[in-house]
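# Structural characterization, general
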Amino acid sequence: MRLLWSALVLVVLFAAACADRTSGAGGGSGDTGGTLVIAVAGTGSASMFPPHASDMMGRLLADNVYERLAEVGSELNTVGDRGFSPRLARSWQWAPDSLSIAFAIDPRAKWHDGRSVRASDVRFTVDLLKDPKTATEYTSAMTNIDSVSIGDSLTAVVWFRRRTPEQFYDIVHQATILPEHILKDIPRERLATSEAATHPVGSGRFRFARFDPGIRYEIIADTTHRRGRPKLDRVIMAFAADVNGALAQLFSGQADYFETIPPDVLSRVDSSATVRAVPVPVLQYVYLGMNQRDPKRVSMPHPIFGDRRVRQAISMALDRQSMLRNVFDARGMLGVGPLSRPLADTTVALPPFDRVRASALLDSAGWRAASDGMRTRNGRPLSFGILVPTSSRPRMRYAVLIQEQLKSIGVNASIESADIATFSTRLPAGDFDAVLNGIGTDPTRSAAKGDWSTAAMPPTGKNYLRYSNRAFDALLDSAGNAFNPVQRDQHFNRATQTIVDDAPAVWLYDVLSLAAAHKRIRPEGMRADAWWANLGDWWIPENERIERDRIGLRPTQP
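This one's a predicted model, so the numbers in the text were calculated from it and none came from an experiment.

## Focus: the sheet that holds strand S19 (residues 380-381)
- Spatially, the 3 strands line up as an open sheet ordered S17-S18-S19, and their pairing is antiparallel. The open sheet has two free edges, formed respectively by strand S17 (368-369) and S19, since each of these has just one partner strand.
- The pairing of strand S18 (residues 375-377) with S19 spans 2 bridges and is classified as antiparallel. Among the inter-strand pairings, Thr376 is bridged to a residue of S19, identified as Pro381.

## Some details on the sheet that holds strand S11 (residues 257-258)
- The strand order S8-S9-S10-S1-S11-S24-S12 describes an open sheet built from 7 strands, whose pairing is mixed. Each edge of the open sheet carries a strand with a single partner, namely strand S8 (206-212) and strand S12 (275-280).
- For S8 and strand S9 (residues 216-221), the ladder comprises 6 bridges, and the chain directions are antiparallel. In the strand pairing of S9, Phe211 is matched with Tyr217.

## What about the pairing of strand S15 (residues 297-301)?
- Pairing of strand S14 (residues 293-294) with S15 involves 2 bridges; the strand directions are antiparallel. Note that in S15 the partner of Arg293 across the bridge is Pro301.
- Counting the residues between successive antiparallel strands, the hairpin from S14 to S15 contains 2 residues.

## So, the packing of helix H10 (residues 320-328) against helix H12 (residues 393-407)
- Here H10 crosses H12 at 140°, and the two axes come no closer than 10 Å. On the basis of their axis angle, the class for H10 and H12 is oblique. Of the two elements, H10 crosses H12, and the hand of that crossing is right-handed. Along the contact surface, H10 presents Arg320, Ser322, Met323, Leu324, Asn326, Val327 and Phe328, while H12 presents Pro394, Arg397, Tyr398, Leu401, Ile402 and Gln405.
- Class assignment for the residues of the contact of H10 with H12 results in 8 nonpolar, 3 polar and 2 charged.

## Considering helix H9 (residues 308-317)
- Taken across its 10 residues, H9 has 8 buried, putting it largely inside the fold.
- Of all the residues in H9, the buried ones are Val310, Arg311, Gln312, Ala313, Ile314, Ser315, Met316 and Ala317.
- Along its buried surface, H9 packs onto strand S13 (284-290), helix H11 (355-364), strand S20 (383-389), H12, helix H16 (485-502) and strand S23 (505-510).
- Two or three places before Arg309, at the opening of H9, Asp307 has a side-chain oxygen 2.9 Å from that residue's backbone nitrogen.

## Thoughts on the side chain of Gln174
- With respect to the helices, strands and loops of the structure, Gln174 is situated in helix H4 (residues 167-174).
- A distance of 3.1 Å separates a polar atom in the side chain of Gln174 from a polar atom in the side chain of Asp442.
- Once residues lying within four places of it in the same chain are set aside, the contact partners of Gln174 are Leu129, Tyr138, Ala141, Met142, Tyr169 and Asp442.

## Focus on the pairing of strand S22 (residues 434-440)
- Counting buried residues in S22 gives 5 out of 7 residues, a clear majority hidden from the surface.
- As paired elements, S20 and S22 share 2 bridges and run parallel to each other. Bridge pairing in S22 places Ile386 opposite Ala434.

## Section: the pattern of salt bridges
- A full pass over the atoms with the stated rule returns 34 salt bridges.
- Put simply, Glu67 and Arg226 hold a salt bridge, and the shortest N to O gap is 3.0 Å. Of this pair, Glu67 sits in the loop between helix H2 (56-65) and strand S2 (70-71) while Arg226 sits in the loop between S9 and strand S10 (234-240), and the two are 159 residues apart along the sequence. Neither Glu67 nor Arg226 differs from the other in exposure class; each is buried.
- Where Glu71 meets Arg527, a salt bridge forms, and the shortest distance between an N and an O atom there is 3.1 Å. With a gap of 456 residues between them, Glu71 in strand S2 and Arg527 in the segment after strand S24 (513-518) connect regions that are remote in the sequence.
- By relative accessible area, Glu71 is classed as buried at 11%.
- The class of Arg527 is buried, set by a relative accessible area of 5%.

## Some thoughts on the confidence of the model for the protein
- In the predicted model, the protein carries a mean pLDDT of 89, and the fraction of residues at 70 or more is 92%.
- Predicted confidence for residues 1-26 stays below pLDDT 50, and this span has 57 contacts to residues more than four positions away or in other chains.
- The low-confidence segment residues 553-558 (pLDDT under 50) makes 23 contacts with residues lying over four places distant or belonging to another chain.

## Re unusual backbone geometry
- Each neighbour pair has its own omega, and for Pro458 with Pro459 the value is 10°, a cis peptide bond.
- The phi dihedral of Leu76 falls on the positive side, at around 60°, and the residue is not glycine.
- Tracing the backbone through its elements, the reader meets Leu76 in the loop between S2 and strand S3 (85-86).
- Although it is not a glycine, Ala503 sits at a positive phi angle of roughly 55°.
- Here Ala503 is to be found in the loop between H16 and S23.

Criteria and thresholds
Residues numbered from 1 in each chain as written. Predicted model: local features only at pLDDT ≥ 70, side-chain atom pairs only at ≥ 80, totals over all residues. Heavy atoms only, no water. Pairing = 2+ DSSP bridges. Helix = DSSP H or I, 4+ residues; strand = E, 2+ residues; numbered from the N terminus. Axes fitted to C-alpha atoms, helices over the stretch in contact; angles between N-to-C directions. Parallel < 35°, antiparallel > 145°, perpendicular 65-115°, else oblique. Left-handed = near helix turned anticlockwise from the far one by under 90°. Contact = heavy atoms within 4.5 Å. Nonpolar A, V, L, I, M, F, W, Y, C, P; charged D, E, K, R; others polar. Buried < 20%, exposed > 50% of the residue type's maximum accessible area, 1.4 Å probe, protein only. Polar contact = N/O pair within 3.5 Å; in protein donor to acceptor, adjacent residues only side chain to side chain. Salt bridge = Lys/Arg side-chain N within 4 Å of Asp/Glu carboxyl O. pLDDT = per-residue confidence, 0-100.

Here is the structure:
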């Protein structure tokens, strides 16, 4: 298993080299068909409606039911348009000044209700994403997009406020195109809970089939899709109460795939006759985040974490290396800042493990140790809760280790475990003191802007800690506008050091993901930013199918 994880590290570090397969991937024509059941630890409350799809399950469903104008290539290049593949747009033309791009919509593109995709759908989508009433985390990514004009029914011209290295990426990756004729009359503030969001009509290679709350989502192949029908007949997301329930589905044969194997289950997978480990390239990291705002009064600084000295003390009090070994043995990788290692500046100096300095910082902030060793200030104990999802075994174990280590400097941290539905509600609402959160980023260092900048505070971004540092924001802006790659790197590296020094979070570990899959499943074209991007090319050999693979496209129980 150690060799397997060593191989996985290489997969992650060189994720950009991952093959980007087309609809011709897999076996021969006889290998079309079958059902893939993905076990999910949770209740399935997340949205698959693109403006509100933020977790793995929601994004998987949204990315396969809907389409973008173009799709990033296997090299994950985000500068210019090199390597992008046509999707809803069959071609595009840049203006001489690069302040507009004319996208020619594929005339064969249709919504799943039979209506043709039109340029007006592009204009509607951009307007919807830019509207604060939509309350989407993608709004902050739309700031450089001024508007969309209609050249003709199949030509959408996107106008930009300024020329930037990633302007093409900003429009094609962040804006998943939506059907105007279905959504235009729904109030923007009600879209997230509307029937159109829970029973979506897209233009992708899979169609929405059904949603049974707490049980499953199901999507089925669009057999007449212009880019070729998916190899699979259907994909089911089967919900389980927790990780144990999801693993039980996998090992019993009720499910075919589980996204992340907990470290303590690796040996069972390794010895299984039916299930194998699949290295998955990912751009994810986990951190202990400290809320910058008071959960009870969001307009006020957090009574503990509003002080930089306290944040730095907590960072220095935690032995990240020992926790990594405790949870992952020799298979873990330390976090390096607000980006995963393939994108990060690994020369950035993180706070050292130094409990003497940590204690001195707390003393200077007025938090004094009492006779029992626990700290108080003006009669208030240095105590806070750590929100952690029960769906993540590694984070649950980290919570216990963090709790124990913080006691050594007189800090009382309580663990607030929550199921994924509750966790996903409390996080954007800012209803927590500290949180063990995991972030899956886009394949660009600019992703830090959508996760940590002032402009990315909810509801327009994923800056759930409400962190705000104007110097950090300015450096990210400078990096995003720099065409010179050396200058771009310099700005990004300075921005990373700025936020690390400010210590809004403790960067714990990068996610090195091993999925578990039934041996009959043939995954294709896993991409580091979205392993499900080419789900339509996954296949099951005809001679290895089981009963549920042979029932066609009828929605039935897994």
